[in-house]
Amino acid sequence: MVERIKREWFSNIRADILSGIVVALALIPEAIAFSIIAGVNPMVGLYASFCIAVIVAIAGGRPAMISAATGAMALVLAPLVRDYGVNYMLAATVLTGIIQIIFGICKIAKLMRFIPRAVMIGFVNSLSILVFMAQMPHFMNVTNITYVFAAITIILLIVLPRFIKAIPAPLIATIVLTIAAIMMSVDVRTVGDLGTIEKSLPSFSLPNVPLNLETFMIILPFSISLAIVGLIESLLTASILDDMTETKSDKNREAKGQGLANIVTGFFGGMAGCAMIGQSIINVKSGGRGRLSTFIAGAFLMFLIIVLGDWVVQIPMAVLAGIMVMVAITSFDWSTFSYMKKAPISETFVMLLTVSIVVVTHNLAIGVISGVIISSLFFVAKVSKIIVEQHSENGAEVYTVRGPLFFASVEGFLSSFDFSKKEEDIIIDFSQTTIWDDSAVGAIDKVVMKLTENKNKVTVTGLNKSSKRIVDQLTDMNISVH
């Protein structure tokens, strides 16, 4: 236990602290922007980012992953805030956390293995595109100096890591260009232009809503959506960081940690949140590897607001937007184009579909679930091909069945038999197949019944143990395995 705490918290102190500071700077404009999307005060997003980051740092299952208020969750919350107000949003946030803890207890992480690689690639690329698109408003109707600051930011992020490795390049770029903007009094939009930042800590309060069934039924659909969207984004982001850092994460613990974080956030005036792929990648690429980096990101966020608030509001948005543009560029899987040339058309289609749906709807859950469903349909179509070979042996007509027999392949199975045969010895050999479901058993019943009606002697043979078990359970035929 002590060794694990040392490894997860204190094995990378300097880099974790510096990377956490970088992430904290990037969280402020994002949290404010997501608050605006949800239709709430900017402090709601900032409080959420503080609470979620700190709680997940302690209770989450993926060290160095950054969780806070996110655009995906804000989009789900917006209609609830518009129709019922902030207090219903807080209640929905608490219920979201409870649902996520239940998912974690039920070991929802097992479902991750059903997400195909094509969907994972689509998820990563769609998020990169969304991160890039989210920065575009910061470059519209602005002064020319804004583009200069953004360009310098990107150049610094490319050049500095080659010469300075002790301090993350985004931190250097933010400090240097903020000082330059203040000293030169340049006309650029700043963090302060996004909304008013109050220098106060979040305080505990119960959501001011009626505690009755009507309230529960209002917030339940939103909470279920939030829980699913949040866990999909969090668990997929955890998988990406697993690959980047070549380490493993406890995804069931992550689900419970996300749930606890949302419960606490709802009681401290924050909106529901989840993992953020952009900030998580910033953290890892800046050297963050342990839980300390996530904790520092949340704690330093509040330090910036309360102690350095007057300075924070003067950070040029062009600098922070430039950092996020680089995150979008570096997190995009550029090997996708070679993958599309080599992969089957069905896999390419699933990947492009996932990207398209996520980018159009800004809803990760819809995109990922759609990708999984379409991929599953392609898989079913691929494996549903069944072959029934016919030959004569010792005076009997033998039908050898090859391929899995289940609901999608029963039509091909049925069409392979000649039901006009009469008074013959017919053997159906299942030694090269497996019976998977009730539809398959029903098809076997139908074949045997139609053939015996014409006074044929029908023998079913070759069933393996699992096939015989399901046939015995679902049919009255007396079948023996040879």
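Residues numbered from 1 in each chain as written. Predicted model: local features only at pLDDT ≥ 70, side-chain atom pairs only at ≥ 80, totals over all residues. Heavy atoms only, no water.

A. Representation of empty space enclosed by the protein. Considering all chains together, one arrives at two cavities of 30 Å³ or more under this definition. Here the largest cavity is characterised by a volume of approximately 40 Å³. Around the largest cavity, the lining residues are Ala 26, Pro 29, Glu 30, Gln 135, His 138, Met 317, Leu 320, Ala 321 and Met 324. Every element with two or more residues in the lining of the largest cavity is listed here: helix H2 (13-38) and helix H14 (317-331). (1 Å grid on protein atoms, 1.4 Å probe; cavity = no way out; pocket = protein on both sides within 12 Å on 5 of 7 lines; lining within 4 Å. Points joined across faces, edges and corners; volume = space filled by probe spheres on them. Helix = DSSP H or I, 4+ residues; strand = E, 2+ residues; numbered from the N terminus.)

B. Expanded view of the environment of Ser 338. Its place among the elements puts Ser 338 in helix H15 (residues 336-342). For Ser 338, a relative accessible area of 35% corresponds to the partly exposed category. Residues Ser 338 and Leu 304, 34 residues apart in the sequence, show an inter-C-alpha distance of 43 Å. (Buried < 20%, exposed > 50% of the residue type's maximum accessible area, 1.4 Å probe, protein only.)

C. Up close: the sheet that holds strand E6 (residues 457-461). Strand order across the open sheet formed by four strands is E3-E4-E5-E6, with mixed pairing between neighbours. Looking along the sheet, the strands with just one partner apiece sit at the ends: strand E3 (387-393) and E6. Shown here is a sheet whose adjacent strand axes are inclined to one another by a mean of 20 degrees, direction ignored. Where strand E5 (residues 425-432) and E6 come together, five bridges link them in parallel fashion. Bridging from a neighbouring strand, Ile 426 pairs with Val 458 of E6. Set on the sheet, helix H19 (residues 438-453) makes contact with E5 and E6; between it and E6 the angle comes to about 155 degrees. (Pairing = 2+ DSSP bridges. Axes fitted to C-alpha atoms, helices over the stretch in contact; angles between N-to-C directions. Contact = heavy atoms within 4.5 Å.)

D. A look at the pattern of salt bridges. Scanning the entire structure with this criterion turns up seven salt bridges. Note that Asp 83 is salt-bridged to Arg 82, the shortest N-O span being 3.4 Å. Here Asp 83 falls in the partly exposed class, since its relative accessible area comes to 48%. Between Glu 424 and Lys 421 there is a salt bridge; the shortest N-O distance is 3.9 Å. Residue classification places Glu 424 among the partly exposed residues on the basis of a relative accessible area of 28%. Bridged by salt links that share partners, the residues Arg 62, Asp 242 and Lys 251 form one connected network. (Salt bridge = Lys/Arg side-chain N within 4 Å of Asp/Glu carboxyl O.)

E. Looking closely at the nonpolar core. Membership of the largest hydrophobic core comes to 124 residues, with the highest contact counts inside it found for Ile 28, Leu 46, Phe 123, Val 191 and Met 271. Broken down by element, this core gets its largest block of residues, 13 residues, from H2. With residues near it in sequence (within four places) discarded, Leu 46 still touches Ile 28, Ala 31, Ile 32, Ile 197, Leu 301 and Ile 305. Judged by nonpolar contacts, the second largest core, of 23 residues, contains Phe 417, Ile 426, Ile 444 and Val 448. (Core = buried A, V, L, I, M, F, W, Y, C linked by side-chain atoms within 4.5 Å.)

F. View of the side chain of Thr 434. Structurally, Thr 434 can be placed in the loop between E5 and H19. Engagement of the side chain of Thr 434 in a polar contact is seen with the side chain of Asn 464, the distance being 3.3 Å. (Polar contact = N/O pair within 3.5 Å; in protein donor to acceptor, adjacent residues only side chain to side chain.)

G. Expanded view of the layout of surface pockets. As a volume, the largest pocket reaches approximately 590 Å³. Where the lining of the largest pocket is concerned, the elements lending two or more residues are H2, helix H4 (71-84), helix H6 (117-135), helix H11 (277-285) and H14. For the lining of the largest pocket, the class distribution of residues is 19 nonpolar, seven polar and two charged. Roughly 410 Å³ of volume is contained in the second largest pocket. (Nonpolar A, V, L, I, M, F, W, Y, C, P; charged D, E, K, R; others polar.)

H. Region of the structure containing the pairing of E5. Pairing between strand E4 (residues 396-402) and E5: five bridges, direction parallel. Within the sheet, the bridge partner assigned to Thr 400 lies in E5 and is Asp 429. With H19 bridging E5 and the parallel E6, this β-α-β connection has right-handed handedness. (Right-handed = clockwise from strand over helix to strand, strands pointing away.)

I. Seen up close, the packing of H6 against helix H9 (residues 213-245). The geometry of H6 relative to H9 is characterised by a closest axis approach of 11 Å and an angle of 100 degrees between their N-to-C directions. Of the possible angle classes, the one that applies to H6 and H9 is roughly perpendicular. Mapping the contact onto sequence places Met 120, Phe 123, Val 124 and Leu 127 in H6 and Glu 233, Leu 236, Thr 237, Ser 239 and Ile 240 in H9. Among the residues making up the contact of H6 with H9, the classes are represented as six nonpolar, two polar and one charged. (Parallel < 35°, antiparallel > 145°, perpendicular 65-115°, else oblique.)

J. Representation of H6. With 19 residues, H6 extends 28 Å from end C-alpha to end C-alpha; this agrees with the ideal 27 Å at 1.5 Å per step. Extensive coverage of H6 is indicated by the burial of 14 of its 19 residues. (Expected span 1.5 Å × (residues − 1).)

K. Molecular detail of a positive patch on the surface. Positive charge collects at one region of the surface, where Lys 107, Lys 110, Arg 113 and Lys 256 lie side by side. Position of Arg 113 relative to the elements: it lies in the loop between helix H5 (86-105) and H6. (Patch = residues over 30% accessible without salt bridge, like charges linked within 9 Å, V, L, I, M, F, W, Y side chains within 5 Å. Areas by Shrake-Rupley, 256 points an atom, 1.4 Å probe, with all protein chains shown as cover. Lys, Arg positive; Asp, Glu negative; His and termini not counted. Charge placed at Lys NZ, Arg CZ, Asp CG, Glu CD.)

L. Structural view of unusual backbone geometry. A positive phi angle, close to 55 degrees, is found at Glu 246, a residue other than glycine. Mapped onto the elements, Glu 246 comes out in the loop between H9 and helix H10 (251-267). Glu 246 gets classed as exposed once you look at its relative accessible area, which sits at 72%.

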